[in-house]
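Commentary on secondary and tertiary structure
Listed below are the residues making up each chain.
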Amino acid sequence: MPGDDWLHCHCYRRRTILGLALAPLLALPARAAEEGEAAKPPAPDDRFVFLTGPKKEQVVRAEDLALGGPQVQAYPIAPDGTVRNDNRLNLVILARFDPTALTDETRARAADGVVAYSAVCTHQGCPVNMWSKERNAFVCSCHASVFDPRNAAEVIDGPAPRPLAALGLKLKDGVVTVASTFSGRVGVTQN
Ligand code: FES
């Protein structure tokens, strides 16, 4: 029989779901981290490949991202061509905004308005795979936490306890490229 927690989460979902423009993003099943290059976290000079969609497995360029959202899901790809998809904690969301709409902190990490965050929700680890057109924000489909992509993925609604970890970016000939590692803890991990 569901308890208070279930009711709490269900209310969030019902209240927020009405304003969502569902992004066609894929929710991956959880898998344990494995050893090897493909499981290592994103590192400087990695690029990204689309997880799904018409450009699935192709390298992400800034121009591929719709200005103003929604986000796309992607995995990092190392300079040697290894896609780092053996650890679902490496799943990233990318989005592009007018740089003047970003906070100073976010603009400092962004590359010409492109931002990158961990796609792993800090509540219970679901993929942050939805977009709210009304709120211009990322939404986790599990319990409707909402994250502000223009302001360091701060939590603006829902039960998530902290922002999504951010990656620093640069552009190399228009290709979205990692400049610095995750800003903090990814998902619900405690390290
Ligand atoms: S896992 Fe609960 S809001 Fe994301």
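Report follows, based on the coordinates. Since we're looking at a predicted model, the values are computed, not measured. (Residues numbered from 1 in each chain as written. Predicted model: local features only at pLDDT ≥ 70, side-chain atom pairs only at ≥ 80, totals over all residues. Heavy atoms only, no water.)

A word on the state of the cysteines
The final tally for this structure, using the stated rule, is 1 disulfide. Paired by a disulfide, cysteine 126 and cysteine 142 hold their sulfur atoms 1.9 Å apart. Measuring the twist about the S-S bond at about -85 degrees, one finds the cysteine 126-cysteine 142 disulfide to be left-handed. Here cysteine 126, found in the loop between strand S5 (114-118) and strand S6 (130-132), pairs with cysteine 142, found in the loop between strand S7 (137-139) and strand S8 (146-148); they are 16 residues apart in sequence, far enough to count as distant. (Disulfide = S-S within 2.5 Å. Helix = DSSP H or I, 4+ residues; strand = E, 2+ residues; numbered from the N terminus.)

A closer look at the environment of phenylalanine 138
Within the secondary structure, phenylalanine 138 sits in strand S7. The class for phenylalanine 138 is buried, based on a relative accessible area of 0%. As a C-alpha pair, phenylalanine 138 and aspartate 148 span 10 residues in sequence and 6.6 Å in three-dimensional space. (Buried < 20%, exposed > 50% of the residue type's maximum accessible area, 1.4 Å probe, protein only.)

Considerations on the packing of aromatic side chains
A full pass over the atoms with the stated rule returns 3 aromatic pairs. Measuring from centroid to centroid gives 5.9 Å for tyrosine 117 and phenylalanine 138, while their planes differ by 70 degrees, and the two rings are edge-to-face. Here tyrosine 117, found in strand S5, pairs with phenylalanine 138, found in strand S7; they are 21 residues apart in sequence, far enough to count as distant. Classification of tyrosine 117 by relative accessible area gives buried; the value is 1%. Connected via pairs of aromatic rings, a cluster forms that spans Phe97, Tyr117, Trp131 and Phe138. (Phe/Tyr/Trp six-rings, centres within 6.5 Å; stacked < 30°, edge-to-face > 60°.)

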